[in-house]
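# Results of the structural survey
Residue-level listing of the chains:
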Amino acid sequence: MLVHQILSGKSEDDIVFVVPGTPVSDAASVLSARHIGAVVVSVDGKVPAGILSERDIVRELGKRGTNCLNDMVDSLMTKNLVTCTRDDTADNVLEKMTAGRFRHMPVVENNVMVGLISIGDVVKARLSELSMEKDALEGMIMGH
Ligand code: AMP
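Residues numbered from 1 in each chain as written. Predicted model: local features only at pLDDT ≥ 70, side-chain atom pairs only at ≥ 80, totals over all residues. Heavy atoms only, no water.

Looking only at helices and strands, one finds six helices and five strands in the protein chain. In sequence order, the secondary structure elements of the protein chain are arranged as α-β-α-β-β-α-α-α-β-β-α. The long-range fraction of contacts in the protein chain, counting pairs at least 24 apart against all pairs at least 6 apart in sequence, stands at 54%. Of the roughly 8500 Å² of accessible surface on the protein chain, 55% is carried by carbon and sulfur atoms. (Helix = DSSP H or I, 4+ residues; strand = E, 2+ residues; numbered from the N terminus. Contact = heavy atoms within 4.5 Å. Areas by Shrake-Rupley, 256 points an atom, 1.4 Å probe, with all protein chains shown as cover.)

Here is the structure:
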């Protein structure tokens, strides 16, 4: 299974992003309104400058309290992004997510973001693939 197959199976394929300089409180509102766990920080929605996850916000809330909500996303986001391409395999993406302990990955082609996948998208796609493989093998064994 390849990343482009996972992207085409997603019901919502728009990349949710906020621009640098956005207050963390506004980014938290976006996460809540869109029912997502991370938002890309980008000037134009094409070139990623970083990613801000609910974990980044919770970490700062725990350390400094609600003052961090007035900070700009730039100071809390992760700037060293790990990305994948459309042609990466689902297993490769899962390995990178597990090794890096994160659950979101921008899909980049020629330095431009073409999508964003979460660990939930990858697991859902793999489970559906495994189920189809199981049905095919059962069919072969039963002689259908
Ligand atoms: P997550 O598990 O995706 O909610 O994020 C956990 C931590 O990893 C947070 O500090 C995020 O900013 C960071 N993070 C999320 N996605 C990525 C990524 N693709 N590359 C690098 N760091 C990431």
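Resuming the write-up.
To continue, consider the pairing of strand 5 (residues 112-118). Among the seven residues that make up strand 5, five are buried, leaving the element largely enclosed by the rest of the structure. Relative to strand 5, strand 4 (residues 104-109) runs antiparallel, the two being bridged by six bridges. Considered in strand 5, the bridge of methionine 105 is made with isoleucine 117. Between strand 4 and strand 5, which pair antiparallel in sequence order, lie two residues; one of them, asparagine 110, sits at a positive phi of approximately 50°. (Buried < 20%, exposed > 50% of the residue type's maximum accessible area, 1.4 Å probe, protein only. Pairing = 2+ DSSP bridges.)

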